[in-house]
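# Structural overview
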Amino acid sequence: QVQLVESGGGLVQAGASLRLSCAASVRTNIVAWFRQAPGKEREFVAVYTWSGGSTIYAESVRGRFTISRYSAENKVYLQMNSLKPEDTGVYSCAAKGGLATRRASDYNYWGQGTQVTVSS
């Protein structure tokens, strides 16, 4: 069983930065971030593949967000810069084996989520 714990959310103004952290009890090959805004479906944000270090981003965050790892502690970070009000939502990390995908239904393990609120 893989346990995931997110941290780092908060309330910030537009243009600010936040760094989210996802700590995993067991390393899995794929760790992704998803977000869900009120009244909207969960959407893919970014995914990291441990084997090879490749990354994939949603078009809406490319160039502003960076997903990276800290191997010593089985952590994956999401650095979010130039935040916009439309980035507001609950951000959750998810993990799986195999290959990276953008579909939430492909992920076996989920954290509890952390709230990110960006004011205009």
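Here, the structure is the one placed above.
Report follows, based on the coordinates. Everything quoted here is computed from the prediction, not taken from an experiment.

## Digging into the side chain of R64
Relative to the elements of secondary structure, R64 occurs in the loop between β6 (55-57) and β7 (65-70). Of the polar contacts made by the side chain of R64, one reaches the side chain of D87; its length is 2.7 Å. For R64, the residues in contact, after removing those within four places along its chain, are Q79, M80, N81, S82, L83, K84 and D87.

## Things to note about the nonpolar core
Judged by nonpolar contacts, the single largest core of 34 residues is most densely connected at W33, V45, F65, I67, L78, M80 and Y91. Counting only elements with at least two residues in this core, the list comes to β3 (18-24), β4 (30-36), β5 (43-49), β7, β8 (75-80), β9 (89-96) and β11 (114-119). Apart from residues lying up to four places away in sequence, I67 is in contact with V31, W33, A46, V47, Y48, T55, Y57, V76, Y77 and L78.

## Quick word on the sheet that holds β7
The strand order across the open sheet formed by four strands is β1-β3-β8-β7, and the pairing between neighbours is antiparallel. Both outer strands of the open sheet, β1 (4-7) and β7, are each paired with one neighbouring strand and no more. Mean inter-strand twist for the sheet, computed between neighbouring axes without regard to direction, equals 20°. Two elements, β1 and β3, share four bridges in a ladder whose sense is antiparallel. Within β3, the residue paired with V5 across the bridge is A23.

## A word on the pairing of β4
Of all seven residues in β4, six are buried; the element is thus mostly enclosed. Taken together, the six bridges between β4 and β5 define a ladder with antiparallel strand orientation. The residue bridging F34 from the neighbouring strand is F44, located in β5. Counted along the chain from β4 to the antiparallel partner β5, the turn is six residues long, and its residue G39 has a positive phi close to 75°. By the bridge criterion, seven bridges tie β4 to β9 in an arrangement that is antiparallel. By the bridge assignment for β9, V31 is matched with A95.

## Comments concerning the side chain of S21
Take S21: it is sitting in strand β3. Assessed through its relative accessible area of 9%, S21 is described here as buried. Once residues within four sequence positions are removed from consideration, S21 is found in contact with V5, E6, S7, W33, K75, V76 and Y77.

So, how was this worked out
Residues numbered from 1 in each chain as written. Predicted model: local features only at pLDDT ≥ 70, side-chain atom pairs only at ≥ 80, totals over all residues. Heavy atoms only, no water. Helix = DSSP H or I, 4+ residues; strand = E, 2+ residues; numbered from the N terminus. Polar contact = N/O pair within 3.5 Å; in protein donor to acceptor, adjacent residues only side chain to side chain. Contact = heavy atoms within 4.5 Å. Core = buried A, V, L, I, M, F, W, Y, C linked by side-chain atoms within 4.5 Å. Buried < 20%, exposed > 50% of the residue type's maximum accessible area, 1.4 Å probe, protein only. Pairing = 2+ DSSP bridges. Axes fitted to C-alpha atoms, helices over the stretch in contact; angles between N-to-C directions.

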